[in-house]
Amino acid sequence: MDHSEVAMPAQRVKEIKTVEQSMRLDAIASAAFGIAREKMVERIKAGDVRVNWNEVKKPNLSVEEGDTIACKDKGRAEIKKVTMTKKMKYSINLTKYS
């Protein structure tokens, strides 16, 4: 069997747009993975979340455009674009891969 016969599972891609008060990891990851913020804080503190492939345990870590957030058993999300709204909140475009 050569490598061309190996079937790779199809990767699902989803575009997500969210508006958040801050660029805190727990807020952005919660929106990206559809998990309640409290549960996301628990997962971050348990070491289930990585930012740019580095393990983090601080839910208040500030993330920025271009960062990749990975969550165990949930996939990964890239912060594609961040703009400010008229009410000074962050409008964030994410691409989620699962």
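Residue positions within a chain follow its written sequence, with the count starting from 1. Two thresholds apply to this predicted model, a pLDDT of at least 70 for residue-level local features and 80 or more for giving and counting side-chain atom pairs, whereas whole-chain, interface and lining totals are computed over all residues. Side-chain numbers here rest on the full set of heavy atoms in the structure, without hydrogens or water.

Draft legend 1. Region of the structure containing the overall build of the chain. What the chain contains, in helices and strands, is two helices and six strands. Contacts are residue-level and defined by heavy atoms, with any inter-residue pair within 4.5 Å sufficient. Taking contacts inside the chain between residues at least 6 apart in sequence as the whole, the part at least 24 apart equals 44%. A residue counts as positive if it is Lys or Arg and as negative if it is Asp or Glu; His and the chain ends are not included. Here the site of a charge means atom NZ of a Lys, CZ of an Arg, CG of an Asp or CD of a Glu. In the chain, 20 side chains carry a positive charge and 14 a negative one; their mean positions are 7 Å apart. Put simply, DSSP marks the helices as runs of H or I at least four residues long and the strands as runs of E at least two long, and each gets a number from the N terminus on.

Draft legend 2. Seen up close, the nonpolar core. L25, I28, F33, M40 and I69 are the most contacted members of the largest nonpolar core, which totals 20 residues. Broken down by secondary-structure element, the contributors of at least two residues to this core are α1 (25-33), α2 (37-45), β2 (49-51), β4 (68-71), β5 (75-84) and β6 (90-97). Broken down by element, this core gets its largest block of residues, five residues, from α1. For M40, the contacting residues outside a window of four places in its chain are D26, A29, S30, F33, I35, V49 and C71. For the purposes of this section, nonpolar cores are sets of buried Ala, Val, Leu, Ile, Met, Phe, Trp, Tyr and Cys residues that join through side-chain atoms within 4.5 Å. Burial classification: accessible surface area is computed with a 1.4 Å probe over protein chains only, and a residue below 20% of its type maximum counts as buried, one above 50% as exposed, and the rest as partly exposed.

Draft legend 3. Expanded view of the pattern of salt bridges. Salt bridges are counted wherever a side-chain nitrogen of Lys or Arg sits within 4 Å of a carboxyl oxygen of Asp or Glu. A complete count under the given rule lists six salt bridges for this structure. D26 is the salt-bridge partner of R37, the closest N and O atoms lying 3.4 Å from each other. Taken together, the positions of R37 in helix α2 and D26 in helix α1 put the pair 11 residues apart, joining distant regions of the chain. K57 is paired through a salt bridge with E55; the nearest N and O atoms lie 3.8 Å apart. For K57, a relative accessible area of 48% translates into the label partly exposed. Exposure remark for E55: the relative accessible area of 44% places this residue in the partly exposed category. Connected through shared salt-bridge partners, R24, D26 and R37 make up one network.

Draft legend 4. Region of interest: α1. α1 sits mainly inside the fold: eight of its nine residues count as buried. Those residues of α1 that fall on the buried side of the exposure criterion are L25, D26, A27, I28, A29, S30, A32 and F33. Buried residues along α1 sit in contact with β1 (13-20), α2, β2, β4, β5 and β6. Of the residues flanking the end of α1, it is G34, one or two places downstream, whose phi is positive at about 65°.

Draft legend 5. Highlighting the side chain of D67. Within the secondary structure, D67 sits in the loop between β3 (54-55) and β4. Here D67 occupies a buried position and makes no salt bridge, while the nearest side chain of opposite charge, K80, is found at 12 Å. Counted as a polar contact is a pair of N or O atoms within 3.5 Å, where, for protein atoms, one must be capable of donating a hydrogen and the other of accepting one, and residues adjacent in sequence contribute only when both atoms are in side chains. At 3.0 Å, the side chain of D67 forms a polar contact with the side chain of N52. Ignoring anything within four residues of it in the chain, the contact list for D67 reads V51, N52, A77, E78 and I79.

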